[in-house]
Amino acid sequence: SLAVTSAETLEAQTHDQNDLELLQNCLKRLGDIHLDMGDPASALANYRREMNLTERRNAEFPGDRALLSLAMSHTRLPEALVSLGEITEAMNHYHKALALHDELFARHLTDPVYLRPRMITLIWLGNISGNPRFFNLGDARTALRHYHAALALAEQLASFDLKNARAQQDLAEGYRREAEVLV
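The following paragraphs examine the structure supplied in this document.

The rules behind each value
- Residues numbered from 1 in each chain as written.
- Predicted model: local features only at pLDDT ≥ 70, side-chain atom pairs only at ≥ 80, totals over all residues.
- Heavy atoms only, no water.
- Helix = DSSP H or I, 4+ residues; strand = E, 2+ residues; numbered from the N terminus.
- Expected span 1.5 Å × (residues − 1).
- Buried < 20%, exposed > 50% of the residue type's maximum accessible area, 1.4 Å probe, protein only.
- Contact = heavy atoms within 4.5 Å.
- Phe/Tyr/Trp six-rings, centres within 6.5 Å; stacked < 30°, edge-to-face > 60°.
- Lys NZ or Arg CZ within 6 Å of the ring centre and 35° of its normal.
- Core = buried A, V, L, I, M, F, W, Y, C linked by side-chain atoms within 4.5 Å.

**Section: helix α6 (residues 112–130)**
Across its 19 residues, α6 extends 27 Å between first and last C-alpha, which sits within 8% of the 27 Å expected from 1.5 Å per residue. Taken across its 19 residues, α6 has 14 buried, putting it largely inside the fold.

Spelled out as structure tokens, the structure:
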């Protein structure tokens, strides 16, 4: 794509963190487009390129935001991987993401910027572990464990601001997911 090519050229010239992030975003969006168009193989290729850049960014510009970006990069690949039947590799990426989120969680116990992505990773671990609405591994007990941890975060996030519609929706969805596995 022209956007990716332009971002690559710019980043190669400047080696600037913002330009690296721009290139990452172009690759993420291109991967999203391929996934939405039913081309998970191309999506996966773009997500992998984005992850390589995220790992580079984490090495060159270390910090909690770079680490969060790496965790979120690990949560992007599994959707394409599941579409290609690569469930084990998808779960491995979710577990890597969760380990990074756990590292960040200790330093950001009340920051929604760090809590919500951790919650989403737990939700996806639950979905693939044993939610009947998803292609899953048939492990309802593990799904419930992940959902329970995600629900605790949803409750925490909702308590920060009772008027936050997204947080209230996340909380309601958390109860629904647990019910789907229990039924």
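**So, the side chain of H108**
Mapped onto the secondary structure, H108 falls in the loop between α5 (87–105) and α6. Ignoring anything within four residues of it in the chain, the contact list for H108 reads D64, Y114 and L115.

**Remarks on the packing of aromatic side chains**
Where two aromatic rings form a pair, the distance of their centres and the angle of their planes describe that pair. All told, the structure shown has two aromatic pairs when counted by the stated rule. Measuring from ring centre to ring centre gives 6.3 Å for Y94 and W124, while their planes differ by 5 degrees; the resulting arrangement is stacked. Here Y94, found in helix α5, pairs with W124, found in helix α6; they are 30 residues apart in sequence, far enough to count as distant. A relative accessible area of 2% means that Y94 is categorised as buried. With 5.5 Å between their ring centres and 75 degrees between their planes, W124 and F134 make a pair best called edge-to-face. You can see W124 sitting in helix α6 and its partner F134 sitting in the loop between α6 and α7 (140–160), a full ten residues away along the chain. Members of the aromatic cluster, each reached through a chain of ring pairs, are Y94, W124 and F134. Positioned above the aromatic ring of F105 is the side chain of R118, whose terminal nitrogen or guanidinium carbon lies 4.4 Å from the ring centre.

**Here we look at the nonpolar core**
M91 and M119 are the most contacted members of the largest nonpolar core, which totals 21 residues. Of all the secondary-structure elements, those providing two or more residues to this core are α5, α6, α7 and α8 (165–182). At eight residues, the largest contribution of residues to this core is made by α7. Those residues in contact with M91 that sit more than four places away from it in its chain are L125, I128, S129 and L137. Residues L44, Y47, M51 and A90 belong to the second largest nonpolar core, which totals nine residues.

Note that every value here comes from positions in space, so none of it alone points to a role or purpose.
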